[in-house]
Amino acid sequence: MPGDMGMERDDRDARPEAEAMDNLMADDDAVAIAPESAATGRDATASAELSIVIPCYKERPNVRPMVDRIDAALPGIAWEIIFVDDNSPDGTADAARAIARRDPRVRCIRRIGRRGLSSAVIEGALSSSADFIAVMDGDLQHDQTVLPTMLAELRADAADIAIGSRHTLGGSADGLSSAMRHRISNAGIGIAQSVLPMRVSDPMSGFFMMPRARFERIAPRLSGQGFKILLDIILSAPERLRVLEIPCRFNRREAGESKLDALVMIQFAALLLDKMLHGYVPMRFVAFALVGALGIVVNLAALWLGHRAGMHFFSAEIMATIVSMLFNFQLNNRLTYRTHRLRGAPLARGLVLFMLVCSLGAVANVGVATALFSHSAHNGLAAAAVGAAIGVVWNYAVSSTLVWRTL
Ligand SMILES: Nc1nc2c(ncn2[C@@H]2O[C@H](COP(=O)(O)OP(=O)(O)OP(=O)(O)O)[C@@H](O)[C@H]2O)c(=O)[nH]1
Ligand SMILES: [Mg+2]
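Residues numbered from 1 in each chain as written. Chains lettered and ligands numbered in written order. Predicted model: local features only at pLDDT ≥ 70, side-chain atom pairs only at ≥ 80, totals over all residues. Heavy atoms only, no water.

1. Looking at the overall build of the protein
Thinking step 1. Per the secondary structure count, the protein includes 16 helices and seven strands.
Thinking step 2. Here the protein holds 407 residues, and the buried ones make up 45% of them.
Thinking step 3. In the protein, of all internal contacts separated by at least 6 residues, the share reaching a separation of at least 24 is 77%.
Thinking step 4. Surface exposure of the protein reaches about 19,400 Å², of which carbon and sulfur atoms provide 63%. (Helix = DSSP H or I, 4+ residues; strand = E, 2+ residues; numbered from the N terminus. Buried < 20%, exposed > 50% of the residue type's maximum accessible area, 1.4 Å probe, protein only. Contact = heavy atoms within 4.5 Å. Areas by Shrake-Rupley, 256 points an atom, 1.4 Å probe, with all protein chains shown as cover.)

Right, here's the structure in full:
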């Protein structure tokens, strides 16, 4: 930790503009900073026993209350908080750093050009050197008062992972915002339970604690996709984890907005598929191929419409190709490459590149299929399938590197 905190401080020193921005923080934040943190002379070099990793996106109003509540819940425990913010436009990282300047137990990792709860948690946890790591939402929905119980159980080696559960006796999921959210959550839990190697009443919980050493061992196997990091951890662990569920309340969101949307459910399905395929086929490739398949449907529909509108076949074919490329680009940008989503000028640049890449892919597809067709006793279906496979792999590989630059 001292090293980590030193790094955070060096970084600030090296970036006076960030310092200036922090100083520009709203006055109310400045007033809210507990002066005793610096004054009490807390030993900044003492290492934390418990790191609490808090993924956050647009949670500025919740940052200060989170720190206060955790501080009050953990008397006598050497804790640290690691906020992992994905460059929230509301200044969440500024709010966290303003506290960190006074309180060395708090630090902030700010990621630029990245989005994703699971990957944020992984990076935060890997930056810790505490014996135990806890993961909590940054919107005050998780009940911090169960942290000491979780820690005591793990210290006593009663489990490999302690989960804050809304669905064991004494827990409550009342804080979910609507009946629909309850239904979606219950459906997700049912699906997750069907693939888990052990009984867990709340596998979709975002609140848990585990020894850091165990997390480090599992980390290289994690998919890191989407929202469900706990499920990812349990399904990725090489051994069957001893799970202990501790009842907890799920509070209502007090400030800020939910980031859950329909795509989160798609990512959940992708995570399960990834685990079933043991990570051999990248989920992004599966998503890219599915989008491509939908693109074929769109292409044929546009061709049909063009034909109905009396267009010449050649013009209709060009129009349908452009429509399907636009469709594929948009869907890939919002779904397949959600974490690297392009906006503004890079979006226009990306679209042009994508169309170029896909055109070359189509040439490769047709070229390979034609060559195979003439050498394979005219087995048209097989030749077309190989051509299409080569086309989609080319499109995926080049789009990932040049258009969305994920590599
Ligand atoms: N770093 C990071 N944090 C995120 C991202 N998306 C969500 N979070 C954080 O993850 C936590 C859970 O997200 P929420 O939107 O509250 O999800 P939820 O609690 O399941 O849903 P609600 O009940 O509607 O609040 C919050 O602290 C969010 O700020 C992200 O892309 N990056
Ligand atoms: Mg929430």
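2. So, the site of ligand 1
Thinking step 1. Taken together, the neighbourhood of ligand 1 is formed by 21 residues, with Glu 59, Asp 86, Arg 115, Asp 139 and Ser 258 sitting nearest.
Thinking step 2. In the model, a nitrogen atom of ligand 1 is placed 2.7 Å from a nitrogen or oxygen of the Asp 86 side chain.
Thinking step 3. With respect to ligand 1, the backbone of Gly 138 contributes an N or O atom lying 2.7 Å from an oxygen atom.
Thinking step 4. Here ligand 1 has 640 Å² of accessible area as a free molecule, and 96% of this is covered by the chains.
Thinking step 5. Only β1 (50–56) and α7 (117–126) provide two or more residues apiece to the shell around ligand 1.
Thinking step 6. Among the residues making up the shell around ligand 1, the classes are represented as nine nonpolar, four polar and eight charged. (Near = heavy atom within 4 Å. Polar contact = N/O pair within 3.5 Å; in protein donor to acceptor, adjacent residues only side chain to side chain. Nonpolar A, V, L, I, M, F, W, Y, C, P; charged D, E, K, R; others polar.)

3. Some thoughts on a positive patch on the surface
Thinking step 1. Together, Arg 115, Arg 334, Arg 341 and Arg 343 give the surface a local cluster of positive charge.
Thinking step 2. A residue is classified by how much of its surface remains accessible, and Arg 341, at 31% relative accessible area, is partly exposed. (Patch = residues over 30% accessible without salt bridge, like charges linked within 9 Å, V, L, I, M, F, W, Y side chains within 5 Å. Salt bridge = Lys/Arg side-chain N within 4 Å of Asp/Glu carboxyl O. Lys, Arg positive; Asp, Glu negative; His and termini not counted. Charge placed at Lys NZ, Arg CZ, Asp CG, Glu CD.)

4. Here's the deal with a nonpolar patch on the surface
Thinking step 1. On the surface, a nonpolar cluster with roughly 310 Å² of combined accessible area is contributed by Val 195, Leu 273, Met 276 and Leu 277.
Thinking step 2. When you line up the elements, Leu 273 lands in helix α12 (residues 262–276).
Thinking step 3. Given a relative accessible area of 34%, Leu 273 falls into the partly exposed group.

5. Details of the pattern of salt bridges
Thinking step 1. In total, this model carries 19 salt bridges according to the counting rule given.
Thinking step 2. For the salt bridge of Asp 103 with Arg 105, the shortest nitrogen-to-oxygen distance reads 2.9 Å.
Thinking step 3. Take Asp 103: its relative accessible area is 3%, and that puts it in the buried class.
Thinking step 4. Note that Arg 166 is salt-bridged to Asp 202, the shortest N-O span being 2.8 Å. With Arg 166 in the loop between β5 (161–165) and α9 (179–195) and Asp 202 in the loop between α9 and β6 (208–211), the pair connects residues that are 36 residues apart, well separated along the chain. In this pair, the class of Arg 166 matches that of Asp 202, namely buried.
Thinking step 5. A network of salt bridges, in which partner residues are shared, links Asp 157, Asp 160, Arg 214, Glu 239 and Arg 242.

6. Observations regarding the nonpolar core
Thinking step 1. Counting residues in hydrophobic clusters, the biggest one holds 35 residues, and the most contacted among them are Ile 52, Ile 70, Ile 81, Phe 83 and Leu 147.
Thinking step 2. Among the elements that take part in this core, helix α6 (residues 92–100) stands out by supplying five residues, more than any other.
Thinking step 3. Setting aside its immediate chain neighbours within four residues, Ile 70 contacts Ile 52, Ile 54, Trp 79, Ile 81, Met 136 and Gln 144.
Thinking step 4. Grouped together as the second largest cluster of nonpolar side chains are 34 residues, Val 121, Val 135, Ile 218 and Leu 271 included. (Core = buried A, V, L, I, M, F, W, Y, C linked by side-chain atoms within 4.5 Å.)

7. Concerning unusual backbone geometry
Thinking step 1. The phi torsion at Asn 87 lies on the positive side, around 55°, for a residue other than glycine.
Thinking step 2. Positionally, Asn 87 belongs in the loop between β2 (79–85) and α6.
Thinking step 3. You can call Asn 87 partly exposed: its relative accessible area is 29%.
Thinking step 4. Here the phi dihedral of Asp 157 falls at roughly 60°; this positive angle occurs in a residue that is not glycine.
Thinking step 5. Within the secondary structure layout, Asp 157 lies in the loop between α8 (147–155) and β5.

8. Digging into the sheet that holds β6
Thinking step 1. Spatially, seven strands are ordered β3-β2-β1-β4-β6-β5-β7 in an open sheet, and the strand pairing comes out mixed. Two strands lie at the open edges of the sheet, namely β3 (106–110) and β7 (243–247), each paired on one side alone. Looking at each pair of strands side by side, their axes are set apart by 20° on average, direction ignored.
Thinking step 2. Two elements, β1 and β2, share seven bridges in a ladder whose sense is parallel. (Pairing = 2+ DSSP bridges. Axes fitted to C-alpha atoms, helices over the stretch in contact; angles between N-to-C directions.)

9. A few points about the coordination of the magnesium ion (ligand 2)
Six octahedral donors at a metal ideally form angles of 90 or 180 degrees, and four tetrahedral donors ideally form angles of 109.5 degrees.
Thinking step 1. All of the protein donors around the magnesium ion (ligand 2) are Asp 139 (OD) and Gln 141 (OE1); their distances to the metal are 1.8 to 1.9 Å. Judged on exposure class, the residue Asp 139 and its partner Gln 141 are both buried. (Donors = N, O, S within 2.8 Å, 3.2 Å for Na, K, Ca; no water.)

10. Quick word on the packing of helix α5 (residues 60–73) against α6
Thinking step 1. Axis separation between α5 and α6 bottoms out at 8 Å; the angle between their running directions is 30°. Classified by the interaxial angle, the pair formed by α5 and α6 is roughly parallel. Note that α5 runs across α6; the crossing there is right-handed. Of the residues in α6, those in contact with Arg 60, Val 63, Arg 64 and Val 67 of α5 are Thr 92, Ala 95, Ala 96 and Ile 99. (Parallel < 35°, antiparallel > 145°, perpendicular 65-115°, else oblique. Left-handed = near helix turned anticlockwise from the far one by under 90°.)

11. Re the pairing of strand β4 (residues 132–135)
Walk down a regular strand and you will see the side chains alternate between the two sheet faces.
Thinking step 1. Of the two faces of β4, the one lined by Phe 132 and Ala 134 and the one lined by Ile 133 and Val 135 are each fully buried.
Thinking step 2. Both β1 and β4 contribute to a ladder of four bridges, which runs parallel. Bridge pairing links Leu 50 to Phe 132 in β4.
Thinking step 3. Note that β4 and β6 share four bridges and pair antiparallel. Bridged to Val 135 within β6 is Phe 208.

Just distances and angles here, no functional claims.
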